[in-house]
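# Coordinates in review
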Amino acid sequence: MPRGKFITLEGGEGVGKSTNLRFITDWMRSRDVEFIQTREPGGTPLAEQLRALLLENRDETVDPTAELLMVFAARAQHLAEVIKPALERGAWVICDRFTDATYAYQGGGRGLNRALIAQLEQTVQGELRPDRVLLLDLDPEVGLSRAAATGAADRFESEKLEFFHKVRDAYLARASAVPERYAVVNAALPIEEVQRQLAAELERLLDQP
């Protein structure tokens, strides 16, 4: 049986990931594609506990390297328990964020060494990379304004605007470096146009052997 396709949805705060994940999963069902939907950090009980630790507002300053290691600890469990088994049985995996988010938030936002992130990526993932990264791109000021309307800010959402500009720049640099693996979609466009572009990318993947 051929391996399933691995699709990740990426972007900063307030880009509309939740809305567009619903669109993607509806598209999958309409094409009778076997899939699972998951998220990072998270996806297993242990990884969800690590997610809670990462997002919780706290008085203690979280060391950036400790944060990075928690992210990859959650990812290792997620890959072993959920992502790899699904791909191996031929199911598509739709993941809300993956390692590009680590390069963006911990590498771009926190300023951690990209070589360290790459080393952990190779250790945890081996050669596994997403088949397609759907990157929803939006001006951070607009995104944060949207996110603020949805509820209380978590530890990441509470960062200063400069942090999110660095996150966006890191995402776009990743997409520019390997353009064949990324689809950058302007999330400021009307939702119908955003989803038309997402559907076109999914159709291309469906047509690939």
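Computed from a predicted structure; not experimentally measured. (Residues numbered from 1 in each chain as written. Predicted model: local features only at pLDDT ≥ 70, side-chain atom pairs only at ≥ 80, totals over all residues. Heavy atoms only, no water.)

### Considerations on the pattern of salt bridges
Quick reminder of the rule: Salt bridges are counted wherever a side-chain nitrogen of Lys or Arg sits within 4 Å of a carboxyl oxygen of Asp or Glu. Numbering goes from the N terminus for both helices and strands, where a helix is a DSSP run of H or I of at least four residues and a strand is a run of E of at least two. Remark: exposure states derive from per-residue accessible area (1.4 Å probe, protein chains only) relative to the maximum for the residue type, with buried under 20%, exposed over 50%, and partly exposed in between.
For the coordinates displayed, the defined rule picks out 18 salt bridges. Of the charged contacts, one joins R110 and E159 as a salt bridge, the two residues approaching to 2.7 Å between their closest N and O atoms. On the criterion of sequence distance, the pair formed by R110 in the loop between α4 (99-109) and α5 (114-125) and E159 in the loop between α6 (140-148) and α7 (161-177) is long-range, its members being 49 residues apart. Among the residues examined, R110 registers a relative accessible area of 22% and is labelled partly exposed.

### A short note on the pairing of strand β1 (residues 6-11)
The cut-off we apply is this: Only strands joined by at least two bridges in the DSSP assignment are considered to pair.
Most of β1 is tucked away, with six of its six residues classed as buried. In β1, alternate side chains face the same way, and those of F6, T8 and E10 on one face and I7, L9 and G11 on the other are all buried. Bridging between β1 and strand β3 (residues 92-96) involves four bridges; their strand directions are parallel. In the strand pairing of β3, F6 is matched with V93. Taken together, the five bridges between β1 and strand β4 (residues 132-137) define a ladder with parallel strand orientation. By the bridge assignment for β4, T8 is matched with V133.

### Describing the sheet that holds β3
Our working definition: To obtain an axis, a line is fitted to C-alpha atoms, over the contacting stretch when the element is a helix, and the angle between two such axes runs from 0 to 180 degrees between their N-to-C directions. Contacts are assigned to residue pairs with any non-hydrogen atoms lying within 4.5 Å of each other.
Taken together, the five strands give an open sheet; going across it, the order is β2-β3-β1-β4-β5, and neighbouring strands pair in parallel fashion. The strands lining the two open edges of the sheet, one partner per strand, are β2 (35-39) and β5 (182-186). Going across the sheet, the axis of each strand differs from the next one's by a mean of 20°, ignoring polarity. Strands in contact with helix α8 (residues 191-207) are β1, β3, β4 and β5; relative to β5, the strand with the most contacts, it is inclined by about 165°.

Read these as spatial facts, not as claims about activity.
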